[in-house]
Amino acid sequence: MSLKRIPKPGTETAAALIGTAFSATLLVLTAINSGPLWRDETATLNLAHMPSVRDVWHNLPFDSCPLLWLLLVRACGTLGLTNGDLAIRFLGLAIGLFFLTSLWLCQRWIGGRTPTLSIALLGGLPLVIFVVGANRPYGLASCLLVLSFGKIWRVLESSTTSRILSAYVICLLFAHCLYYDIIFLGAMLAAGTLVAIRRQQWKILWTMAGIGLLAGASLLIYLPIIGGVPLYLPFWRSPVFNAATLWSGLRDALAARSSANPDGAIGPQIWIWIALLLVGTIVAVMTLRTRVRLTKPEIASESPNRKRSDLALFCVASMVLGIIGYLGFLLKVQFFMQPWHCVEVLIFCAICVDGILGASWPALRPWGLMRIGFLFVMMILNAGPAWAEAHARRSNLDVVAAFLGHNASVGDLIVLQDTWEGITFNRYYRGQAQWLTVPPIDSHEVHRIDLVIGKMSQPETMIPALRTIANTLASGQHVWLVGSIPIERSKDAPPGPTPLPPPPSEMPTGWWGGSYLYWWNQQVTTLLLDHAQQGKIETIAALGPVNHFEDVSVVQFTGYKPGTE
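Criteria and cut-off values
Residues numbered from 1 in each chain as written. Predicted model: local features only at pLDDT ≥ 70, side-chain atom pairs only at ≥ 80, totals over all residues. Heavy atoms only, no water. Buried < 20%, exposed > 50% of the residue type's maximum accessible area, 1.4 Å probe, protein only. Helix = DSSP H or I, 4+ residues; strand = E, 2+ residues; numbered from the N terminus. Contact = heavy atoms within 4.5 Å. Patch = residues over 30% accessible without salt bridge, like charges linked within 9 Å, V, L, I, M, F, W, Y side chains within 5 Å. Areas by Shrake-Rupley, 256 points an atom, 1.4 Å probe, with all protein chains shown as cover. Salt bridge = Lys/Arg side-chain N within 4 Å of Asp/Glu carboxyl O. Polar contact = N/O pair within 3.5 Å; in protein donor to acceptor, adjacent residues only side chain to side chain. Core = buried A, V, L, I, M, F, W, Y, C linked by side-chain atoms within 4.5 Å. Axes fitted to C-alpha atoms, helices over the stretch in contact; angles between N-to-C directions. Left-handed = near helix turned anticlockwise from the far one by under 90°. Nonpolar A, V, L, I, M, F, W, Y, C, P; charged D, E, K, R; others polar. Pairing = 2+ DSSP bridges. Phe/Tyr/Trp six-rings, centres within 6.5 Å; stacked < 30°, edge-to-face > 60°. pLDDT = per-residue confidence, 0-100. Parallel < 35°, antiparallel > 145°, perpendicular 65-115°, else oblique.

Attention now moves to helix 19 (residues 397–407). Residues of helix 19 that are buried include every one of Leu-397, Asp-398, Val-400, Ala-401, Phe-403 and Leu-404, and no others. Contacts from the buried residues of helix 19 go to strand 1 (413–416), helix 20 (421–428), strand 3 (479–483), strand 4 (534–538) and strand 5 (553–558).

With that settled, the discussion passes to a nonpolar patch on the surface. Where nonpolar side chains cluster on the molecular surface, the patch consists of Leu-220, Leu-223, Ile-226 and Val-229 and spans about 340 Å² of accessible area. Relative to the elements of secondary structure, Val-229 occurs in helix 13 (residues 229–236).

This part covers the side chain of Ser-515. Position of Ser-515 relative to the elements: it lies in helix 23 (residues 513–531). Reaching out from Ser-515, the side chain makes a polar contact with the side chain of Thr-509 at a distance of 2.5 Å. Beyond its immediate chain neighbours, meaning those up to four positions away, Ser-515 contacts Met-507 and Thr-509.

Turning next to the nonpolar core. Soluble globular proteins tend to pack their nonpolar side chains together in the buried interior. Phe-99, Phe-149, Leu-404 and Ile-414 are the most contacted members of the largest nonpolar core, which totals 168 residues. Discounting residues that sit within four places of it in the chain, Leu-404 has contacts with Ile-414, Phe-425, Tyr-429, Trp-480, Val-482 and Val-554. Ranked by size, the runner-up nonpolar core spans five residues in total, among them Leu-29, Ile-129, Ala-386 and Ala-390.

This paragraph deals with the packing of helix 21 (residues 449–456) against helix 23. Helix-helix packing is characterised by the crossing angle of the two axes and by the distance between the axes. Running from amino to carboxyl end, helix 21 crosses helix 23 at an angle of 65 degrees, the nearest separation of the two axes being 11 Å. Here helix 21 and helix 23 pass one another in a crossing that is left-handed. Contact with helix 21, carried on its side by Val-452, Lys-455 and Met-456, involves Gly-513, Tyr-516 and Trp-520 of helix 23 and no other residues of that element. Its residues assigned to classes, the contact of helix 21 with helix 23 shows four nonpolar, one polar and one charged.

Attention shifts here to the pairing of strand 5. Looking along a regular strand, one sees the side chains alternate between the two faces of the sheet. Burial analysis of strand 5 places five of its six residues in the buried class, the great majority of the element. As paired elements, strand 3 and strand 5 share five bridges and run antiparallel to each other. Bridge pairing in strand 5 places Gly-483 opposite Ser-553. One ladder, built from five bridges, connects strand 4 with strand 5; its direction is antiparallel. Of the residues in strand 5, the one forming a bridge with Gly-535 is Phe-557.

The description of an aromatic ring pair rests on the distance of the ring centres and on the angle between the ring planes. A complete count under the given rule lists 25 aromatic pairs for this structure. Between the aromatic rings of Phe-425 and Trp-435, the centroid separation amounts to 5.1 Å while the plane-to-plane angle is 70 degrees, which identifies the pairing as edge-to-face. Placement of Phe-425 in helix 20 and of Trp-435 in strand 2 (residues 434–437) is noted, with a sequence separation of 10 residues between them. Given a relative accessible area of 0%, Phe-425 falls into the buried group. A relative accessible area of 22% means that Trp-435 is categorised as partly exposed.

Moving on, we come to the confidence of the model for the protein chain. Taken as a whole, the protein chain shows an average pLDDT of 91; of its residues, 94% reach a score of 70 or greater. Across residues 1–7 the pLDDT falls below 50, and counting only partners more than four positions away or on other chains, this stretch makes five contacts in the model. Contacts of residues 293–301 to residues separated by more than four positions or lying in other chains number six contacts, the stretch itself having pLDDT below 50.

Quick look at the sheet that holds strand 5 now. Strand order in the open sheet formed by five strands is 2-1-3-5-4, with mixed pairing between adjacent strands. Strands with a single pairing partner mark the edges of an open sheet, and in this sheet they are strand 2 and strand 4. Adjacent strand axes in the sheet meet at a mean angle of 20 degrees when their direction is disregarded. By the bridge criterion, four bridges tie strand 1 to strand 2 in an arrangement that is parallel. If you follow Leu-416 over to strand 2, its bridge partner there is Thr-437. Its contacts with the sheet put helix 22 (residues 463–474) on strand 1, strand 2, strand 3 and strand 5, and the angle it makes with strand 1 is roughly 140 degrees.

Between helix 1 (residues 10–33) and helix 5 (residues 85–109), whose axes approach to 9 Å, the crossing angle comes to 165 degrees. Between helix 1 and helix 5, the crossing angle belongs to the class labelled roughly antiparallel. Once helix 1 is placed against helix 5, the crossing between them reads as right-handed. Mapping the contact onto sequence places Thr-13, Ala-16, Leu-17, Thr-20, Ser-23, Ala-24, Leu-27, Val-28 and Ala-31 in helix 1 and Leu-86, Arg-89, Leu-93, Gly-96, Leu-97, Leu-100 and Trp-104 in helix 5. Here the contact of helix 1 with helix 5 is composed, by residue class, of 11 nonpolar, four polar and one charged.

Let's shift gears to unusual backbone geometry. It is generally the case that most residues other than glycine have a negative phi and that most peptide bonds are trans. A cis amide bond links Val-438 to the next residue, Pro-439, at an omega of -5 degrees. Inspection of the secondary structure assignment puts Pro-439 in the loop between strand 2 and helix 21. One non-glycine residue with positive phi stands out, namely Gln-200, at about 60 degrees. With respect to the secondary-structure elements, Gln-200 resides in the loop between helix 10 (181–199) and helix 11 (202–218). One non-glycine residue, Gln-334, lies in positive phi territory at about 55 degrees. For Gln-334, a relative accessible area of 26% gives the class partly exposed.

Listed below in structure tokens is the structure:
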């Protein structure tokens, strides 16, 4: 290739800016089209805006994050910046744009020109679009993860006082976004320690240790919260968890389909990610071997080969340790894999690969052209699902609540099939009809796992609710069933009412909440199918596609047929 045919150095920057602009456009559209807060976002807002910080602390066990994001939302609320759904969406947009900015900053800090590979892998991924702008701590955690990575490397390059202090602050904030962020922080610090040992720079080694000790010590305030985890862990834990569970969770996270289309086709993205991670690992190992073979001991640490080799070690060690640590965490807790459980590990892998294949090989010639080509290929692959995600609503319960507020009269009964959907419904419903959830609990501000677990220990939990449903029908009023659980009798169920559920000690799935939710809804379903004279599915149109995690329907039941109870 002649020098005349080599594109100017600004070509890759322009391509990365195009990818960044596309991602920013998606985030803006998401903020505009997301609409209402869904249950997780509503619970976060309710928790952050409790009357006092003491109340926030006492209810912290019912959320999955430390205090940082909650205090930020609370501070914004004090300033009047989170007083409505749209204001919350614009806060999420600010976090999303900050995330894109952090990718550029990180790449600059580690010596690269542009975050081409990071933008290619993350910028159009529907999961990232769904997560980073949501009213949850994942977006802020993603920003601070990227910044921590870049700051730790800057300390390795030059341990000035300002760099060390800024690394302390950013890493400390990062540790307080999500409890498991300490895994990724530990991986980065361990990788930095390896580089320091290799260079025999003992001051930097102690700096890495100091950052880790400060972050770890600061998390000790959460020991009372973490100590209660074993009480609630069985409620969320999957009764069947194995390697296939991890694989399916990762596949769903990278499937490149919008949250409104969970059954859409699965693209080749997961294989592209795996291939790129393997290539990055191989290149990093080759870089290390080349340095060991060719570099003389007396060459200064400022040598380009030495910097490239050290950066490769830092990136590949961070990535390997982070993946192993996080997989160990997932195997320990055995949660049902949700897409957002994968977002940070994907971001971590993306910036590590970018450090190996981007910052380590900055020249355009063949490598930059390959990165540009990869960027546009990924943009094309993700464009359709990403565009769909940017136009998906987070919930339709606001529309359902408005419909029921207008159509459900005093004396009617609204039954929500899921307790957690009651969190969203409680935010938006302004009608006068009585409503309850399955199972019935007294609080719908946050995820009150303790109350639901208490109901699981009481076989007759649903009896009062079933009586209320029967009495409502018998009095000539309507029962409105709201949810996404199919209204049909279980194939294995005998005719007649569903029997009472066994205690958790006798349930094959133990304390897992999903089994009881299904059983309780079977009790409601059999009652309505056996005794309601008529069921009518209501047509309630939302303003666009809806996130499948909270896309509910409404069925109106009327009349009463007496029978043997």
